[in-house]
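As a plain string of letters, each chain reads:
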Amino acid sequence: MANSEIQAILTQLYQVISGPEGFTRDWKRQQELFAPYAKVIRTSIDSQGNPQALVLSIQDYPENFQRLVGNAAFYEVETHNIIESFGNIAHAFSTYEAWRDSKKTQFIKRGINSIQLYNDGHRWKIVNMIWDDERPGLIMPAKYNPSTKTQSIPSSHPIV
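Residues numbered from 1 in each chain as written. Predicted model: local features only at pLDDT ≥ 70, side-chain atom pairs only at ≥ 80, totals over all residues. Heavy atoms only, no water.

Caption draft 1: Summary view of the overall build of the protein. Secondary structure assignment for the protein yields three helices and six strands. For the protein, whose C-alpha radius of gyration is 15 Å, the value lies close to the compact-globule estimate of 15 Å for 160 residues. For the C-alpha atoms alone, the extent of the protein along its principal axes is close to 45 × 35 × 35 Å. Taking all 160 residues of the protein together, the buried fraction comes to 42%. For the protein, the accessible surface area stands at approximately 8,800 Å², while carbon and sulfur atoms represent 54% of it. (Helix = DSSP H or I, 4+ residues; strand = E, 2+ residues; numbered from the N terminus. Rg over C-alpha atoms; globule rule 2.2 N^0.38 Å. Buried < 20%, exposed > 50% of the residue type's maximum accessible area, 1.4 Å probe, protein only. Areas by Shrake-Rupley, 256 points an atom, 1.4 Å probe, with all protein chains shown as cover.)

Here's what the structure looks like:
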């Protein structure tokens, strides 16, 4: 039962941020998927190749997303996941691809969201999410990407 509930949360998570140009994202719905104390962490590498992380509260994420994506079309879809749970805790490694269009002809990036969840006795909520994108020198292992065709990784892409 837990895995189906968690899968529903993951599906909604991607739906919240995905849409055509001018799409009004449902940030209120996103807030409902996360615990109020949740953190989201965007990882990347700087121009010298050093790891860096931007840590945001779930309340600050919408403004940051809007600053990076604005009203542009953006579609992020889950292509695979591995969900594990024990008692009231769960973890999902959720592989995603991002596209500039709903027909998936304009590839942006691919990566993994590492998502921790907690069941408060009533429902599952996301408590933390951290992600990283493929890039030159970092290619996703097959176990996280079993059913997806290989895309060429752009040398530069927006960090969302």
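Caption draft 2: How the structure looks around the environment of Glu-63. For Glu-63, the location among the structural elements is in helix α3 (residues 61–69). Given a relative accessible area of 59%, Glu-63 falls into the exposed group. In sequence terms Glu-63 and Trp-27 are 36 residues apart; their C-alpha atoms lie 9.9 Å from each other.

Caption draft 3: View of the confidence of the model for the protein. Looking at the protein as a whole, the pLDDT averages 92, with 91% of positions reaching at least 70. Within the model, pLDDT remains below 50 along residues 150–157, and this stretch shows 16 contacts once partners closer than five positions in the same chain are excluded. (pLDDT = per-residue confidence, 0-100. Contact = heavy atoms within 4.5 Å.)

Caption draft 4: Geometry of the pattern of salt bridges. Here the structure, examined in full by the defined rule, presents seven salt bridges. One salt bridge connects Asp-133 with Lys-109, and the closest N-O pair in it is separated by 3.4 Å. Of the two residues, Asp-133 sits in strand β6 (residues 124–133) while Lys-109 sits in strand β5 (residues 107–119), which places them 24 residues apart along the sequence. Across this residue pair, the class does not change: Asp-133 and Lys-109 are buried. (Salt bridge = Lys/Arg side-chain N within 4 Å of Asp/Glu carboxyl O.)

Caption draft 5: Representation of α3. Turning to α3, its buried residues are Tyr-61, Pro-62, Asn-64, Phe-65 and Val-69. For α3, the buried positions fall inside an angular range of 165 degrees around the axis, keeping them on one side. Away from its buried face, by an angle of more than 90 degrees, α3 presents the exposed residues Glu-63 and Arg-67. Looking at the buried side of α3, the elements it contacts are α1 (2–17), α2 (27–33), β1 (34–45), β2 (51–57) and β6. (Arc of directions from axis to C-beta.)

Caption draft 6: The sheet that holds strand β4 (residues 89–99), seen in detail. Taken in spatial order, the six strands of this open sheet run β2-β1-β6-β5-β4-β3, and their pairing is mixed. The open sheet terminates on both sides in strands that have one partner only, identified here as β2 and β3 (75–86). Ignoring strand direction, the axes of neighbouring strands in this sheet form an average angle of 20 degrees. For β1 and β2, the ladder comprises seven bridges, and the chain directions are antiparallel. Within the sheet, the bridge partner assigned to Ile-41 lies in β2 and is Val-55. With respect to the sheet, α1 is in contact with β1, β3, β4, β5 and β6, its orientation differing from that of β3 by roughly 155 degrees. (Pairing = 2+ DSSP bridges. Axes fitted to C-alpha atoms, helices over the stretch in contact; angles between N-to-C directions.)

Caption draft 7: A look at the side chain of Asn-81. One can find Asn-81 in strand β3. A polar contact is formed between the side chain of Asn-81 and the side chain of Gln-7, at a distance of 2.5 Å. Separated by 3.1 Å, the side chains of Asn-81 and Glu-78 make a polar contact. Excluding its chain neighbours within four sequence positions, the residues that come into contact with Asn-81 are Gln-7, Leu-10, Phe-93 and Ser-94. (Polar contact = N/O pair within 3.5 Å; in protein donor to acceptor, adjacent residues only side chain to side chain.)

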